[in-house]
Amino acid sequence: MAFADKDDVQRLQDLLEGAEDVVIFTGAGISTESGIPDFRSPGGLWTKYKPIDFSDFMASEEMRRESWRRKFAMDRTMATAEPNRGHRAVARLVDTGKVSAVITQNVDGLHQASGIPDMQVIELHGNATYAKCLGCGLRHELDPIKEAFLADETMPICAGCGSEFMKTATISFGQSMPEAEMARAQRETLACDLFIAIGSSLVVYPAAGFPVMAKQNGCGMVILNREPTDLDQYADLVINGEIGPTLGDAVAVN
Ligand code: NAD
Ligand code: ZN
């Protein structure tokens, strides 16, 4: 396990001190310390499941069934996860007024659970803690869907419009990105003077386009990740360390 050295933490503190408007961008890496596996690390989700593409989800009832099976098989981890030191450090930065927005690829809701107002969390890939009807957009809570599905694999049907195309409120591979969130993320990225990417392998586009956009706009950039990323060459500071201890020390949060 790599820990950031004191100089790195100091440089991060200096950059934060000198910045006026910070945007924080997070990926699955910030939630691994809460027990939610990421996609690409050893033991990560991709070693177990190949993601279901949106077109396959739409085309096949069996794929929709399989996606609920997977959801509820790993739901215990997601449903009981709590924010960790990294989330708390980000929440503290938001609280000081320095961070205008947290753009996240995560679907676990842990930034909101750490106390950051919903308005300041921009979820690029949606949220897996509730479901949405693809027909009419109505929100559905997971508990009743889960109970019926686990009893005899009853598939949910939308009470609003009768559609059988119900899905966790996440963005699948091949599904179009949420327009409002993309627009807000772009606005925030272009307005900030320091962009900090945390716990993302920065290979999933269009999400990974935001750090590139920030850099092209002349803004400072920090990358905090356990291992190198594709965008390290653009960063003013790269910290290869564990997120909770590094951010916790930098912001003095336990
Ligand atoms: P990823 O799995 O591609 O990358 C995570 C990165 O974080 C890796 O480079 C890994 O080395 C690093 N990392 C993991 N734990 C760390 C730690 N404790 N300290 C420092 N670095 C750590 O994740 P991604 O780039 O976010 O993309 C995967 C996609 O999958 C996302 O877009 C998201 O939609 C989805 N996803 C979300 C969750 C979640 O909501 N928690 C979990 C898995 C996947
Ligand atoms: Zn509906």
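Residues numbered from 1 in each chain as written. Chains lettered and ligands numbered in written order. Predicted model: local features only at pLDDT ≥ 70, side-chain atom pairs only at ≥ 80, totals over all residues. Heavy atoms only, no water.

Chemist: Hey, could you run me through the domain arrangement of the chain in this one?
Modeler: Size of an interface, as often reported, equals the accessible area lost when the parts are brought together. Domain annotation for the chain reports domain 1 (1-36 + 83-125 + 177-254) and domain 2 (37-80 + 126-170). A C-alpha centroid distance of 27 Å is found between domain 1 and domain 2. Each partner contributes residues to the interface: domain 1 has 16 residues there, and domain 2 has 12 residues. Buried surface at the junction of domain 1 and domain 2, summed over both partners, amounts to about 1,000 Å²; 54% is from carbon and sulfur atoms. Remark: the boundary between domain 1 and domain 2 carries zero salt bridges. The tally of links between domain 1 and domain 2 comes to two residue pairs in polar contact (both at pLDDT 80 or more). (Domains from an automatic or database assignment. Contact = heavy atoms within 4.5 Å. Buried area = accessible area lost by both parts, 1.4 Å probe. Salt bridge = Lys/Arg side-chain N within 4 Å of Asp/Glu carboxyl O. Polar contact = N/O pair within 3.5 Å; in protein donor to acceptor, adjacent residues only side chain to side chain.)

Chemist: Please clarify how the coordination of the zinc ion (ligand 2) should be interpreted in this entry.
Modeler: Where a metal carries four tetrahedral donors, each ideal angle is 109.5 degrees; where it carries six octahedral donors, the ideal angles are 90 or 180 degrees. Only Cys133 (SG), Cys136 (SG), Cys158 (SG) and Cys161 (SG) from the protein coordinate the zinc ion (ligand 2), and they sit 2.3 Å from it. Every donor counted, the four donor atoms about the zinc ion (ligand 2) form angles of 101 to 116° at the centre, which fits tetrahedral coordination. Expressed as a motif, the donor residue spacing for the zinc ion (ligand 2) is C-x2-C-x21-C-x2-C. (Donors = N, O, S within 2.8 Å, 3.2 Å for Na, K, Ca; no water. Tetrahedral: all angles 85-135°; square planar, octahedral: opposite > 155°, others 65-115°.)

Chemist: Just to check I follow, could you spell out the pattern of salt bridges for this structure?
Modeler: Two side chains of opposite charge can pair, provided their charged atoms sit close to one another. Throughout the structure, instances matching the rule amount to 14 salt bridges. Its salt-bridge partner being arginine 69, residue glutamate 153 comes within 2.8 Å of it at the nearest N-O pair. Of the two residues, glutamate 153 sits in the loop between helix H7 (142-152) and strand S6 (166-170) while arginine 69 sits in helix H3 (residues 61-73), which places them 84 residues apart along the sequence. Overall, the relative accessible area of 29% leaves arginine 69 in the partly exposed class. Close ionic contact of arginine 139 with glutamate 141 constitutes a salt bridge, the shortest N to O distance being 2.8 Å. (Helix = DSSP H or I, 4+ residues; strand = E, 2+ residues; numbered from the N terminus. Buried < 20%, exposed > 50% of the residue type's maximum accessible area, 1.4 Å probe, protein only.)

Chemist: Please clarify how the site of ligand 1 should be interpreted in this entry.
Modeler: Looking at ligand 1, there are 27 residues lining it, with Arg40, Gln105, Val107, His125 and Ser201 nearest. One nitrogen or oxygen atom from the side chain of glutamate 33 is found 2.9 Å from a nitrogen atom belonging to ligand 1. Here a nitrogen atom of ligand 1 and a backbone polar atom of isoleucine 243 are 3.1 Å apart. Contact with the protein chains hides 97% of the accessible area of ligand 1, taken as 850 Å² for the molecule alone. Per-class residue counts for the shell around ligand 1 are seven nonpolar, 13 polar and seven charged. Taken domain by domain, the shell around ligand 1 gets at least three of its residues from each of domain 1 (1-36 + 83-125 + 177-254) and domain 2 (37-80 + 126-170). (Near = heavy atom within 4 Å. Areas by Shrake-Rupley, 256 points an atom, 1.4 Å probe, with all protein chains shown as cover. Nonpolar A, V, L, I, M, F, W, Y, C, P; charged D, E, K, R; others polar.)

Chemist: How do you make sense of the nonpolar core when you look at a structure like this?
Modeler: Looking at soluble globular proteins, one finds that nonpolar side chains tend to be buried together. If you look at the biggest cluster of nonpolar residues, it comprises 29 residues, and the most contacted ones within it are Leu12, Val22, Ile24, Val90, Ile196, Ile198 and Leu247. Looking at this core, the elements that each hand over two or more residues are helix H1 (6-18), strand S1 (22-26), helix H5 (85-95), strand S2 (99-104), strand S7 (194-198), strand S8 (220-224), strand S9 (237-239) and helix H10 (243-251). Tallying contributions element by element places H5 first for this core, with five residues. Contact partners of isoleucine 198, with chain neighbours within four places excluded, come to Ile24, Phe25, Thr26, Gly27, Ile30, Val90, Leu224, Ile243 and Leu247. Counting residues in each nonpolar core, the second largest holds 22 residues, with Val23, Phe25, Ala207 and Phe210 among its members. (Core = buried A, V, L, I, M, F, W, Y, C linked by side-chain atoms within 4.5 Å.)

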